[in-house]
Structures are given as structure tokens and as C-alpha cells.
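# Commentary on secondary and tertiary structure
In case you want the letters, here they are:
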2 protein chains.
Amino acid sequence: MGDLVLTTYDWVPEWPRGFVRDVRVRWALEEAGLPYRVESTPFKDRQAQHFSHQPFGQVPWLTDGDISIFESGAILLHLGNRSDKLLPADPKRRSEAIEWAIAALNSVEMASLPLFILSFTQEKRDSPGWKVLEEFLHKHRLAHLEPVLAGREWLAGAFSIGDILMADVLRLCDRFEWLKDYPASRAYVARATARPAFAKAYADQMAFFAKADKS
Amino acid sequence: MGDLVLTTYDWVPEWPRGFVRDVRVRWALEEAGLPYRVESTPFKDRQAQHFSHQPFGQVPWLTDGDISIFESGAILLHLGNRSDKLLPADPKRRSEAIEWAIAALNSVEMASLPLFILSFTQEKRDSPGWKVLEEFLHKHRLAHLEPVLAGREWLAGAFSIGDILMADVLRLCDRFEWLKDYPASRAYVARATARPAFAKAYADQMAFFAKADKS
């Protein structure tokens, strides 16, 4: 285990600020109280060095000594092994936290991200594609998640990386008003984002990109 | 650690056979040489007991003693802790295997599954939605993955759960001929699916559903 260094873009446009995935990593690091520093990589002109850390040319990646990790989900699993504030020590609870982390990434975000991408195109809201992807998100994902979130404060007993990932995925859904029929899911997002560690992570990301505007 | 029980549907239509996600779990169990048995849950009439194990009403789930896990990715991470044939012991390699497992789920499958869903609708191939999702898959995912797979036999040094997940995701892309411009990716799928553990897992799934037709 070594120094933790989080790398994100040197700048991004206004729209994604507050939603760039380094916020997930910052949030986890703040929850765990692990010291780290932030470095940057060019947003506009992505070089081979960037692809050597992140093969799809995205961010974030984290280095921990000689280990470099991409994929926000993988980074959070790694940090979970460094702090029981992120992954509970009890094997059953730990397993639950991990399954919810994967559910956020591979069940819920998989359903929300395509609609997010379509929303930036000329695709019509009543096209067969839009309708089927919207139904997939609502009927097969959010409608099932709602009763789960109505019945518990956090997904795996105590707050964990499962909540960081699920709340961050739902936070984007909420921005698009896809949660309007799911009061428990909205309350969950509000509960998660009211945590001081999220507030710090969010403010730090906003300040980081605001500073980039001035330099 | 207890007996391993994998639950899948009692029956599925012809089309998804060979691609139901229990094949990922069977594959991992066969690679690791871990004994397990298979149980089933109704495909057509999903009950509360099903949702108590898998909140989205899907399959598979795995029980390991008193721990019940859904999400194929989470199940493979769990099994990885039981066998170094699935996750290497070396910390750096292990971290790589996990990041590639997450990349398969949250970068590549997130890009391929929407197109897969659209392909069953009346969505036109030249609609704005189809085009942007197709570009996302090819330009931002498969085109970057190709040089990675051209340069190595397996994603994290030795075969791991990262390969099970990535090869299974790419196997579906290959079925839709989305890999036609990526020879190294096609060769990787061929290499992975030539493993005896995959052949056994695939044959077992096919036989399981074939038997359901007769009962």
C-alpha cells in the first residue's frame, strides 16, 4: 500500500461537472478518511500515457503505490479492502455490499446510461428505441429498486461502496427526472448526498474544474 | 463456506439458450473445480421468493452456505476469493483481473446491451438513437479493446474472472457480428470459448434447458 493518487481530466465542459466519475472515488476516500492527492490528464488531447492507465481514454484512475486501477467500480472495491467504512468486515454484509455495487453498475447504470446518451441526440421520445429503453429502465430496474430502498436506510446494513455507486447512478437519473415516480429512491439519493463526505467530494470536483477555467 | 448452489430459470425460450448468465457462473465453477448443484426458479411466474434472492427478478443467484448472492459479476468476485484459478494471488495481477471484470460489465456490456435490446425492436438502423449507440460501442469501446487483446493472451497475465466476463460479453457481440472489424477480439473469444471449462458450462446449460422442454 502506497500513496493514493487520483487522476481526472484537467478540464471538462460545464454540463458534466459534479458528475465526472472521479467524484465516486473522492467520495469513497473522504468516507474512509484516506489521504490522497489529485493529478490531471488532458481532456482535449488524450495521449498514449493516458490510454496506458485507462484503455478507453476515460477517467478516473487511481494509483496505489505501483498498482494503477481504472474503472470507478474496481477502484472502490480496492479502497473497500483498505477501510471497513467502505466494505463491512462481516462476510455476509460484505458480500451484500459488493453485490449492490455490481448491481448499480451492471443492472441500473446499464439501463440508465443508454437513455442518457440518447437524450443528447435527435432521437424522438416516441421512437421504438427510446420507448423500449425507457421501459427497460423503469419496469425492469427502478420499479424493483423502489421497494428495496423503501425498506432500508442503506443497501447492505451500513453505508458502503454499494451506496456510493447506487446513489451516484440514481443521482444522474434524478437530474433527468426519471425518479419522479419513486419517492423512496429520491429520498435515498437525498440521504446519501447529505453525507459530509459527498458534499466535500462534490465541492472539491467543482472547485478543481473551476480552477481549470482560470488557468 | 458451504455447499454451492446455483439457481437459474426452470426454462427459457430457444434464443437465449447458451447465453443465460448462469453460464458465467458455471464456467467459473468449472475452471475452479468447485463442486456445485443447480436448482431452478420459474421463468414464467416469478414469485416473491425469487425477488428475495434477486430483486430484479432475473437469474442467476448463488448460495454459499447462508450467503445468497445475485449479479453474475458479484458471484464471480465471490468465487474468485475461493480459487486462485479465478483470481491470481499476486496483488497487482489480482487488481488487474478485477478491473477487467468491472470493465467488461460497466464499460463494454453497458455499450453492447442497449444495441442488443434495440435489435429486438422496430428501431431503424439509421435512426439517431441507433447510430449514436453503435458509435459508442465501436468508437469508444471495441476499437480501444482491440489493441489490448492483440497484445496479450489473457487480460491479467493468467486467465481470470476478467476473461470469463469479457469473453462472455464479447461472445454476444460476436453473435451479432459486431466484432467483424476486430480480428484480435474474435480470436480472443475463440481462445476463451475453446477452454474445456467453457465447453462443459455451455453444454450443461443447453442440456438443462433441453431437459425442461421434455418435462
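Each chain carries its own residue numbering, running from 1 in the direction its sequence is written. For this description, chains carry letters from A and ligands carry numbers from 1, given in the order in which they are written. For this predicted model, a pLDDT threshold of at least 70 governs which residues receive local features, and a threshold of 80 or more governs which side-chain atom pairs are given and counted, while totals over whole chains, interfaces and linings are taken from all residues. Based on all heavy atoms of the structure, the side-chain values leave hydrogens and waters out of the count.

Bringing the packing of aromatic side chains into the picture now. What counts as a ring pair is set by centres within 6.5 Å for rings of Phe, Tyr and Trp (its six-membered ring), and what kind of pair is set by the plane angle: stacked under 30 degrees, edge-to-face over 60, tilted for all other angles. Counted under the stated rule, the structure contains 32 aromatic pairs over all chains. Taken together, a centroid distance of 4.8 Å and an interplanar angle of 25 degrees make the contact between Phe-176 of chain A and Trp-178 of chain A stacked. For Trp-178 of chain A, a relative accessible area of 9% translates into the label buried. Of the aromatic side chains, those joined through ring pairs into one cluster are Trp-15, Phe-19, Phe-116, Phe-120, Phe-176 and Trp-178 of chain A. Either the NZ atom of lysine or the CZ atom of arginine qualifies as a charge over a ring when it sits within 6 Å of the ring centre and within 35 degrees of the ring normal. Sitting above the plane of the Trp-154 of chain B ring, Arg-191 of chain B keeps its charged end 5.7 Å from the centroid. Under the scheme applied here, a residue whose accessible area is under 20% of the maximum for its type counts as buried, over 50% as exposed, and between as partly exposed, the area being computed with a 1.4 Å probe on protein chains only.

This next bit is on the domain arrangement of chain A. Residue and element names in this part refer to chain A. With domains assigned, chain A is organised as domain 1 (4-85 + 197-214) and domain 2 (91-195). Domains are outlined according to an automatic or database domain assignment. Centre-to-centre, using C-alpha coordinates, domain 1 lies 21 Å away from domain 2. Contact with domain 1, which involves 20 residues of that partner, is made by 21 residues of domain 2. Of the roughly 1900 Å² buried between domain 1 and domain 2 on both sides combined, carbon and sulfur atoms contribute 62%. Throughout this description, the term salt bridge denotes a Lys or Arg side-chain nitrogen within 4 Å of a carboxyl oxygen of Asp or Glu. There are four salt bridges connecting domain 1 and domain 2. Note on contacts: a residue pair qualifies if any of its non-hydrogen atoms lie within 4.5 Å across the two residues. Summed over both partners, the accessible surface that disappears when two parts come together, traced with a 1.4 Å probe, is what is meant by buried area.

Residue and element names in this part refer to chain B. Criterion used throughout: strands pair if DSSP finds at least two bridges between them. Put simply, DSSP marks the helices as runs of H or I at least four residues long and the strands as runs of E at least two long, and each gets a number from the N terminus on. The sheet contact formed by strand 1 (residues 4-9) and strand 2 (residues 37-41) spans five bridges and is parallel. The partner of Leu-6 across the bridge, within strand 2, is Val-38. Taking the sense of rotation as the criterion, the β-α-β connection linking strand 1, helix 1 (residues 22-32) and strand 2 turns out right-handed. Looking down the strands as they point away from the viewer, one classifies a crossover as right-handed if the path from the first strand across the helix to the second runs clockwise.

The criterion is simple. A nonpolar core is a set of buried Ala, Val, Leu, Ile, Met, Phe, Trp, Tyr and Cys residues joined through side-chain atoms within 4.5 Å. One finds Leu-79, Met-166 and Leu-170 of chain A together with Leu-79, Met-166 and Leu-170 of chain B to be the most contacted residues of the largest nonpolar core, which totals 140 residues. When residues no more than four places from it in sequence are discounted, the contact partners of Met-166 of chain B are Trp-100, Ala-103, Ala-104, Val-108, Leu-145, Leu-155 and Tyr-188 of chain B.

Residues and elements named next belong to chain A. The strand order across the open sheet formed by four strands is 2-1-3-4, and the pairing between neighbours is mixed. At either end of the open sheet lies a strand with only one pairing partner, and these are strand 2 (37-41) and strand 4 (67-70). Across the sheet, the mean angle separating the axes of adjacent strands is 25 degrees when strand polarity is ignored. Taken together, the four bridges between strand 1 (residues 4-9) and strand 3 (residues 61-64) define a ladder with antiparallel strand orientation. The residue of strand 3 that forms the bridge with Leu-6 is Leu-62. Whenever a helix is involved, its axis is fitted only over the stretch in contact; in every case the axis is a line through C-alpha atoms, and angles between N-to-C directions fall within 0 to 180 degrees. Against the sheet, helix 3 (residues 72-80) engages strand 1, strand 3 and strand 4, with an angle of about 135 degrees to strand 4. Across the sheet, helix 8 (residues 196-214) lies against strand 1 and strand 2, angled at about 55 degrees from strand 1, the strand it touches most.

Residue-level contacts link 48 residues of chain A with 48 residues of chain B. Counting the surface chain A buries against chain B, the share from its top three residues, Phe-56, Glu-99 and Met-110 of chain A, is 16%. Two N or O atoms count as a polar contact when they lie within 3.5 Å, although within protein this holds only if one can serve as hydrogen donor and the other as acceptor, and sequence-adjacent residues are included solely when both atoms are side-chain atoms. Across the contact surface, chain A and chain B share 16 residue pairs in polar contact (both at pLDDT 80 or more). Every element with two or more residues in the side of chain A that touches chain B is listed here: strand 4, helix 3, helix 4 (91-118) and helix 5 (128-150) of chain A. Here the side of chain A that touches chain B takes 18 residues from helix 4 of chain A, the largest share from any one element. By the convention adopted, Pro, Cys, Tyr, Trp, Phe, Met, Ile, Leu, Val and Ala count as nonpolar, Lys, Arg, Asp and Glu as charged, and the other residues, Gly among them, as polar. Per-class residue counts for the side of chain A that touches chain B are 27 nonpolar, 12 polar and nine charged.

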